[in-house]
Amino acid sequence: MSAALRIVIRLWLVGVLIAGAVLLYAYGEARRLPVVRQAAITLTDWPANVAPLRAVLIGDIHIGNQTMNERRLTAIVDQINALAPDIVLIAGDFIAGHAEDPLGTKAAQLIDPLSQLRPRIATVAVLGNHDHWTNAPAVIQALERAGIILLSNRAARVGPLVIGGLDDDFTGRAQPARMLGQMAALAGPRLVLSHSPDPAARIKPPLLMLAAHTHCSQIVLPIIGPLVSVSRLGDRYGCGLIREPGRTVIVTAGLGTSQVPFRLGAVPDLWLIRLGPPSRRADRPPTPAP
């Protein structure tokens, strides 16, 4: 064997080892507990003498693949309960995969962990595209058994809040006009919960929308950046806290994974959001909790 060939083989082996190490790291990142990010958001029409609320936003649970099972979801629920939320908001995609799950096996795995959520007021959810692709009726039944309020193109008064919930926009099921009509009939500070953040661009301000779906691209490489985007609006509402005139949108990176069981440069996260009246403290940019 020539010296040149030995060098080539050694370089190839080094490359394989590096690639393997990166994949192992990315797999570990996908299964870690989510980072807690924080924001303080001012809402108009906040009722007098009502204290600010602590809302937790999560999304993209994607139970039923290599990175999310009942045990991990239960650990995340424990993490959420430790934050003492008043309201938990779940922005869809409870299930992993694209194929139909006619027996609802994956949805059934949601019931025990999500039943352990302990917000002071309520847990509210919307459906995502994977829920519709797999078995939406089974997901709906699981949420009912877990005591979770599901909003599909409708609104409800939850504590002091008026919450509008959109069905999935990615699969063409969102009906913003119907939801907004119901919201207009209710008094109180308002927010919209949606799986995809894309409808934010079509809703007249003022608007606070909480969403998921993008996974914050799930894999973000140095220099190259995000490998994929599932938003029709590109990176406009790609990740994190986005402020536009009259609009505030928070997009969580989500808890689980889609397509591949890896995360790189886009760790799982959840948001702890202070909702309340104007105060001396300005809205904060997203920061990891201590």
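Keep in mind that this is a model prediction, so the values were computed, not measured. Sequence order sets the numbering: in each chain, residues are counted from 1 along the sequence as written. pLDDT decides what is reported in this predicted model: residues at 70 or higher carry local features, side-chain atom pairs at 80 or more are listed and counted, and totals for whole chains, interfaces and linings draw on all residues regardless. Where side-chain values are given, they derive from all heavy atoms of the structure, hydrogens and water being excluded.

(A) Inspection of the nonpolar core at higher detail. Side-chain atoms within 4.5 Å link the members of a nonpolar core, which is a set of buried Ala, Val, Leu, Ile, Met, Phe, Trp, Tyr and Cys residues. Residue exposure (1.4 Å probe, protein chains only): buried if accessible area is under 20% of the type maximum, exposed if over 50%, otherwise partly exposed. Counting residues in hydrophobic clusters, the biggest one holds 33 residues, and the most contacted among them are Ile61, Ile90, Phe94, Leu114 and Leu143. If you list the elements that add at least two residues to this core, you get strand S2 (53-58), helix H2 (70-82), strand S3 (87-91), helix H3 (105-115), helix H5 (136-145) and strand S14 (269-276). Each helix corresponds to a stretch of at least 4 residues labelled H or I by DSSP, and each strand to a stretch of at least 2 residues labelled E; elements are numbered beginning at the N terminus. The dominant element in this core, judged by the number of residues it contributes, is H5, at five residues. Residue contacts are defined here by distance: any two heavy atoms, one from each residue, within 4.5 Å place the two residues in contact. In this view, leucine 143 contacts Phe94, Leu114, Ala125, Leu127, Ile148 and Leu150; residues no more than four positions away in its chain are not counted.

(B) Here's a closer look at the sheet that holds strand S13 (residues 247-251). Strands are labelled as partners when DSSP assigns at least two bridges between them. Strands sit in the order S6-S7-S8-S9-S13-S12 across an open sheet of six strands; the sheet is mixed. Two strands lie at the open edges of the sheet, namely strand S6 (154-158) and strand S12 (240-244), each paired on one side alone. Between one strand axis and the next, the sheet turns through 20 degrees on average, direction left out of account. Where S12 and S13 come together, five bridges link them in antiparallel fashion. In this analysis, axes come from line fits to C-alpha atoms, helices being fitted only over the stretch in contact, and the angle between any two N-to-C directions falls in the range 0 to 180 degrees.

(C) Up close: the state of the cysteines. Only a pair of cysteine sulfur atoms within 2.5 Å counts as a disulfide in this structure description. Counted by the stated rule, this structure contains one disulfide. Paired through a disulfide, cysteine 216 and cysteine 239 show a sulfur-sulfur distance of 2.0 Å. Across the S-S bond linking cysteine 216 and cysteine 239, the dihedral sits near 85 degrees, which makes this disulfide right-handed. Linking cysteine 216 in the loop between strand S9 (207-211) and strand S10 (220-221) with cysteine 239 in the loop between strand S11 (225-226) and S12, this pair joins segments that are 23 residues apart in sequence. With a relative accessible area of 8%, cysteine 216 lands in the buried category. For cysteine 239, a relative accessible area of 41% puts it in the partly exposed group.

(D) Molecular detail of the packing of H2 against H3. Contact geometry of H2 with H3 gives a least axis separation of 9 Å together with a crossing angle of 25 degrees. Considering their axes alone, H2 and H3 lie roughly parallel with respect to each other. The handedness of the crossing between H2 and H3 comes out as right-handed. Here H2 contributes Glu70, Leu73, Thr74 and Val77 to the contact with H3, which in turn contributes Gln109, Leu110, Asp112, Pro113 and Leu114. Angular relationships are summarised with four words: roughly parallel below 35 degrees, roughly antiparallel beyond 145, roughly perpendicular across 65 to 115, and oblique for the angles in between. Handedness of a crossing follows from how the near helix is turned relative to the far one, being left-handed for an anticlockwise turn of less than a right angle and right-handed for a clockwise one.

(E) Inspection of helix H6 (residues 176-184) at higher detail. Among the residues of H6, those classed as buried are Pro176, Met179 and Met183. The arc that holds the buried residues of H6, viewed along the axis, is 70 degrees, so those residues lie on one side. In H6, the exposed positions that point more than 90 degrees away from the buried face belong to Ala177 and Ala184. Each element contacted by the buried residues of H6 is listed here: S6, strand S7 (161-165) and strand S8 (190-193). This arc is taken over the directions from the axis of the helix to the C-beta atoms.

(F) Structural detail: the pairing of S14. Most of S14 sits out of view: seven of its eight residues are buried. Here strand S1 (residues 35-42) runs beside S14; their pairing, made up of eight bridges, is parallel. Note that in S14 the partner of valine 36 across the bridge is leucine 270. Taken together, the five bridges between S2 and S14 define a ladder with antiparallel strand orientation. Residue pairing for S14: leucine 53 is matched across the bridge by leucine 275.

(G) Just H2, in detail. End to end, H2 covers 18 Å across 13 residues, agreeing with the expected 18 Å (1.5 Å per residue, within 8%). Inspection of H2 places Arg72, Leu73, Ile76, Val77, Gln79 and Ile80 among the buried residues, and these make up the whole buried set. The arc that holds the buried residues of H2, viewed along the axis, is 160 degrees, so those residues lie on one side. Structural note: H2 exposes Arg71 and Ala82 on the side pointing more than 90 degrees away from its buried face. In protein, a polar contact requires one atom able to donate a hydrogen and another able to accept it; more generally it is a pair of N or O atoms within 3.5 Å, and residues adjacent in sequence count only if both atoms are side-chain atoms. Where H2 begins, the side chain of asparagine 69 points an oxygen toward the backbone nitrogen of arginine 71, at a separation of 3.2 Å. Just past H2, the residue alanine 84 takes up positive phi, approximately 55 degrees. To estimate how far a helix should extend, the number of its residues minus one is multiplied by 1.5 Å.

Nothing here speaks to function; it is geometry throughout.
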